[in-house]
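In case you want the letters, here they are:
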Amino acid sequence: MNEEAEAFVATLRKENVGRMRRAVAYDGEEYDVLYTRDDVEESMTAEEIDETTKNLILKGFDDERDQPEFARFGHLDMSVRWFHDVVVLQVPLGDWSGVIVAFDRDTVVDTGAFTDIALDYIDDPDTEMREADIDDEDDLDDAVEEQFG
């Protein structure tokens, strides 16, 4: 997973969608730091950075890729949280895994491009970033029935 997550983060950095603060790939409670900007690392203690990262991961668990209550919408591609100073992009990769990337909010100018670049990478069949999709519509119907039946 981390190679694809690293490639995703590299794509976001190359496209300059905003000034990146930090990027992590997580799987359960474990996470790998993919990028941390020097001034961000210097402005917080290691404990504060770890606590913030773990809290963002917990929020990511709320945004699972497959959400039976919204099965008719398809799977969740990503969620974006707009804080006063920071924008956090979270991409679920599996049940308990994903990528979280934070940017300085005032540097994310073109939100459409920001979203399009992320979605283009996520949806590119050559990236293999995610687990296989549910292809059978009956499986979706079964998931909805199981949730609400």
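Everything numeric in this text was worked out from a predicted model, so none of it was measured.

Visitor: What's the story with the pattern of salt bridges in this structure? I'm lost.
Guide: Any two side chains of opposite charge can pair, so long as their charged atoms come close to each other. For the structure shown, the criterion picks out seven salt bridges. Between lysine 14 and glutamate 15 there is a salt bridge, with the nearest N and O atoms lying 3.9 Å from each other. Of the residues examined, glutamate 15 reaches a relative accessible area of 38% and is grouped as partly exposed. When the shortest N-O distance is used, the salt bridge between arginine 19 and aspartate 39 registers 4.0 Å. Separated by 20 residues along the polypeptide, arginine 19 in the loop between α1 (2-15) and β1 (20-27) and aspartate 39 in helix α2 (residues 38-43) bring together distant segments of the chain. Residue class for arginine 19 comes out partly exposed when judged on its relative accessible area of 42%. Judged by relative accessible area, which is 34%, aspartate 39 ranks as partly exposed.

Visitor: Would you explain helix α3 (residues 46-62) in this entry?
Guide: The α-helix winds at 3.6 residues per turn, so residues separated by three or four positions along the chain end up facing the same way. An ideal rise of 1.5 Å per residue puts 24 Å on 17 residues; α3 measures up with 25 Å between its terminal C-alpha atoms. What α3 keeps buried is the set Ile49, Thr53, Ile57, Gly60 and Phe61. Projected down its long axis, α3 shows its buried positions confined to an angular sector of 120 degrees, all on one face. Projecting away from the buried face of α3 at angles above 90 degrees are the exposed residues Glu47, Glu51 and Asp62.

Calculation notes
Residues numbered from 1 in each chain as written. Predicted model: local features only at pLDDT ≥ 70, side-chain atom pairs only at ≥ 80, totals over all residues. Heavy atoms only, no water. Salt bridge = Lys/Arg side-chain N within 4 Å of Asp/Glu carboxyl O. Buried < 20%, exposed > 50% of the residue type's maximum accessible area, 1.4 Å probe, protein only. Helix = DSSP H or I, 4+ residues; strand = E, 2+ residues; numbered from the N terminus. Expected span 1.5 Å × (residues − 1). Arc of directions from axis to C-beta.

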